[in-house]
Amino acid sequence: MIWLSLVAFAVAALCAGVIIRWLGGRSAAYGEGMPQRFHVGEVPRLGGAALLAGVLASWLLGVWETTRAGDPGSLRLGPWVYGWVAALLPAALGGIAEDMTQRLSVRYRLLLTLGSGALAIGLLNLSVPRLGVASLDALLQAVPWLGAAIVLLAIAGLPHAFNIIDGYNGLAGMVALIVCLALAHVCLQVGDRSLAALLVCVAAATGGFLVWNYPRGMLFAGDGGAYIWGVTIALASLSLVQRNQDVSPWFPMLLLIYPVAETLFSIYRKLARGDSPGMADALHFHQLIYRRIVRGVFHEDEARRVLKRNNRTAPYLWAFTLLTVVPAVLFWRNTPVLMVFCALFSVAYVTAYLGIVRFKVPHWMRF
């Protein structure tokens, strides 16, 4: 597992360096007037290509070790991993295509992530057998297709949730890395080494990308990177619950409550204003933190000034994420406790958002 993670890290970091040095000009320029833009100059948005290279190299090497080299790590990464690759590729390649052209509409990207979900159902036989609530579990038993519908919704929606929180250097990447390691920890607790290996590879590839993304901001993940994180984490979360009865279905829900809450609140906020949920704006939680909590930086070079302030935003959200990851890892078996923490986070998120909007932020939180 360590060997595979080293390969994932090295391949992703090397490919990211190549993209920055020679391929940065291949992606379409990001418009100066885009509301999500919080940087100066043109930064390549092809970090997803480096991530994909690192993930695929390590996964396929793991399959080769299992099938041809006697499986020295006892990871059991057999041909079933090809199903994961097939499910990942439509969303990942669609996101990378959007990063290169800026011409793939939200509708088509949603169709591609739905395609990834459909492939996961067909090739991996993924379903949601239980929700941890007696009445809901009875409903799933009575209407079996609901389990497949939840899988489709999760795999189609989570990539876009990661895309929404991908606004500042190190934000989405570190959240994805933390979530992958938390999932891998519980996989090892229940003896699911193969699933843990896939997740550790994704975390290591993310680390290789972060070498260039934080704090230097030389490469962005783009839609491709967000979709890779979303699809792989959704596949792992669903597989972990389906394959291990001891794991509460609310464990991955609490782990991912931050990007999920951000997405749902964003949809509500835009619909309440009469706008399309797919319309970009600059009112996400992380953008409010950048504008109203992070202190300004004084530097004669504008690019350096914006970069330094950009880098101060992500740690707020890393801490916010850990508020859910820690209890999720501690209580991964206990559905009632996990549900309570989900509710507490939802209340805390809305309260914090409204407090920032109304300029009710304690001075000690500003740095």
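From a predicted model like this one, the values you see are computed outputs, not experimental measurements.

Quick notes on the rules
Residues numbered from 1 in each chain as written. Predicted model: local features only at pLDDT ≥ 70, side-chain atom pairs only at ≥ 80, totals over all residues. Heavy atoms only, no water. Axes fitted to C-alpha atoms, helices over the stretch in contact; angles between N-to-C directions. Helix = DSSP H or I, 4+ residues; strand = E, 2+ residues; numbered from the N terminus. Parallel < 35°, antiparallel > 145°, perpendicular 65-115°, else oblique. Left-handed = near helix turned anticlockwise from the far one by under 90°. Contact = heavy atoms within 4.5 Å. Nonpolar A, V, L, I, M, F, W, Y, C, P; charged D, E, K, R; others polar. Phe/Tyr/Trp six-rings, centres within 6.5 Å; stacked < 30°, edge-to-face > 60°. Lys NZ or Arg CZ within 6 Å of the ring centre and 35° of its normal. Salt bridge = Lys/Arg side-chain N within 4 Å of Asp/Glu carboxyl O. Expected span 1.5 Å × (residues − 1). Buried < 20%, exposed > 50% of the residue type's maximum accessible area, 1.4 Å probe, protein only. 1 Å grid on protein atoms, 1.4 Å probe; cavity = no way out; pocket = protein on both sides within 12 Å on 5 of 7 lines; lining within 4 Å. Points joined across faces, edges and corners; volume = space filled by probe spheres on them.

Draft legend 1. Layout of the packing of helix α12 (residues 285–292) against helix α14 (residues 314–330). The interhelical angle for the contact between α12 and α14, taken along N-to-C directions, is 135 degrees, at an axis separation of 9 Å. With respect to α14, the element α12 is oriented oblique. Viewed along their axes, α12 and α14 form a crossing whose handedness is right-handed. Packed against α12, whose contacting residues are F285, H286 and I289, the element α14 presents Y316, L317 and F320 at the interface. Grouping the amino acids of the contact of α12 with α14 by side-chain chemistry returns five nonpolar, one polar and no charged.

Draft legend 2. Summary view of the packing of helix α7 (residues 171–189) against α14. At a minimum axis distance of 10 Å, the contact between α7 and α14 shows a crossing angle of 15 degrees. As the angle between them shows, α7 and α14 are arranged roughly parallel. In terms of crossing hand, the pair formed by α7 and α14 is right-handed. The residues of α14 that touch α7, namely those facing L171, M174, V175, I178, A182 and H185, are A314, L317, W318, T321, L322, V325 and V329. Taken together, the residues of the contact of α7 with α14 sort by class into 11 nonpolar, two polar and no charged.

Draft legend 3. Highlighting unusual backbone geometry. Following Y214, the chain continues into P215 via a peptide bond in cis, with omega recorded as 5 degrees. Although it is not a glycine, D71 sits at a positive phi angle of roughly 50 degrees. Phi at S74 takes a positive value of approximately 50 degrees, unusual for a residue other than glycine. Relative to the elements of secondary structure, S74 occurs in the loop between α2 (47–68) and α3 (81–101).

Draft legend 4. Structural view of the packing of aromatic side chains. Counted under the stated rule, the structure contains 16 aromatic pairs. What links up through ring pairs into an aromatic cluster is the set Y258, F265, Y268, F285, F320, F345, Y349 and Y353. R243 extends its terminal NZ or CZ atom over the ring of W80, reaching a point 5.5 Å from the ring centre.

Draft legend 5. The pattern of salt bridges, seen in detail. All chains considered together, the criterion is met by six salt bridges. The residue D192 makes a salt bridge to R243 at a minimum N-O spacing of 2.8 Å. Here the residue D192 occupies a position in the loop between α7 and α8 (193–213), and R243 occupies one in helix α9 (residues 222–243), the gap between them amounting to 51 residues. Among the ionic pairs, D275 bridges to R273, the shortest N-O distance being 2.9 Å.

Draft legend 6. Inspection of helix α11 (residues 257–272) at higher detail. End to end, α11 covers 22 Å across 16 residues, agreeing with the expected 22 Å (1.5 Å per residue, within 8%). Buried residues of α11: I257, Y258, P259, A261, E262, T263, F265, S266, R269 and K270, and no others. Of the surrounding secondary structure, the elements contacted by the buried residues of α11 are α6 (145–165), α7, α10 (250–255), α12, α14 and α15 (335–357). Note on α11: the residue one or two positions beyond its end, G274, has a positive phi of about 85 degrees.

Draft legend 7. Summary view of empty space enclosed by the protein. The full count for this structure, using the stated rule, is one cavity of 30 Å³ or more. Computed from the structure, the largest cavity encloses a volume of approximately 40 Å³. Secondary structure elements with two or more residues in the lining of the largest cavity: α7 and α8. Of the residues belonging to the lining of the largest cavity, the class tally is seven nonpolar, three polar and one charged.

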